[in-house]
Amino acid sequence: MKPLTTMAVGAVVLALGYGAADAQNGRAIRQDRQDVRQDRRELQRDNRDIRQDRHELAGDRRELHQDVKAGRTGEVKQDRAEIRGDKRELREDVRDRRDDRRDLNRDRRDLRNDQAVKRDRQDVRQDRRELARDNRDIRQDRRELAGDRRELREDVRDRRDDRRDLRQDQRDLVRDEPSR
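Residues numbered from 1 in each chain as written. Predicted model: local features only at pLDDT ≥ 70, side-chain atom pairs only at ≥ 80, totals over all residues. Heavy atoms only, no water.

Draft legend 1. Highlighting the overall build of the protein. Looking only at helices and strands, the protein has 2 helices and 0 strands in total. A burial count over the protein gives 17% of its 180 residues as buried. Within the protein, residue pairs in contact and separated by at least 24 positions form 78% of the contacts whose partners lie at least 6 positions apart. Approximately 14,500 Å² of the protein is accessible, and the part contributed by carbon and sulfur atoms is 48%. (Helix = DSSP H or I, 4+ residues; strand = E, 2+ residues; numbered from the N terminus. Buried < 20%, exposed > 50% of the residue type's maximum accessible area, 1.4 Å probe, protein only. Contact = heavy atoms within 4.5 Å. Areas by Shrake-Rupley, 256 points an atom, 1.4 Å probe, with all protein chains shown as cover.)

This is the structure in structure tokens:
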């Protein structure tokens, strides 16, 4: 196979490979964006749950305070049990929020990395296009240089011929002058 044909086939295979990689990267970026949105929603739900748990805990503490003040021992035990349950729920929701924040940060990092890969691939494609243009310009310059060399050789020959003609004309002139 000729070198130019080999290069063309290689370029096509490479371009097709990068096209498939770009499609996969595009899907990864979309998936990462979707993950970030989902993590944000989960984080908002966790914050709402924490606010609700804190509100319920404050209400249970008020009830406990009132029951202690009124001397209702049975209800005090029940209030303390409710407070323990509310604290447990609050701890679970805080843990969920921490985990969701970690997931959100991880998904954001993945998204940034995927976008960086996409930019890098675009830069590589742009560099390849510029390299191809530069190679084309070099080939054109070489063709022009070869043409200029041919013209220079022709000009040198023409000058040599002109000098020869001049010397011949001068000899002819010297020879013809005495005959006048």
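Draft legend 2. Region of interest: the environment of Ile 29. Locating Ile 29 in the fold gives a position in helix α1 (residues 3–70). On the basis of relative accessible area, Ile 29 is assigned to the buried category, the value being 6%. For the pair Ile 29 and Arg 112, spaced 83 residues apart in the sequence, the C-alpha separation amounts to 8.7 Å. Those residues within four positions of Ile 29 in sequence are excluded, and the remaining contacts are Leu 111, Asp 114, Gln 115 and Lys 118.

Draft legend 3. A look at the side chain of Asp 107. If you trace the backbone, Asp 107 turns up in helix α2 (residues 73–176). One buried charge, Asp 107, has no salt-bridge partner; the nearest side chain with opposite charge is Arg 106, at 6.4 Å. Beyond its immediate sequence surroundings of up to four residues, Asp 107 is in contact with Asp 32, Asp 35, Val 36 and Asp 39. (Lys, Arg positive; Asp, Glu negative; His and termini not counted. Salt bridge = Lys/Arg side-chain N within 4 Å of Asp/Glu carboxyl O.)

Draft legend 4. Fine view of the side chain of Asp 60. Position of Asp 60 relative to the elements: it lies in helix α1. Buried within the structure, Asp 60 lacks any salt-bridge partner; its nearest side chain of opposite charge belongs to Arg 62, at an N-O separation of 8.4 Å. Among all residues touching Asp 60, those that are not within four sequence positions of it are Asp 79, Glu 82, Ile 83 and Asp 86.

Draft legend 5. Fine view of the pattern of salt bridges. Overall, the coordinates contain 6 salt bridges when judged by the stated rule. With a closest N to O distance of 2.5 Å, Arg 102 and Asp 99 form a salt bridge. Residue Arg 102 and its partner Asp 99 are located together in helix α2, separated by 3 residues, close to a single helical turn. The exposure class assigned to Arg 102 is partly exposed, which follows from its relative accessible area of 44%. The residue Asp 161 makes a salt bridge to Arg 164 at a minimum N-O spacing of 2.8 Å.

Purely geometric numbers; function is a separate question.
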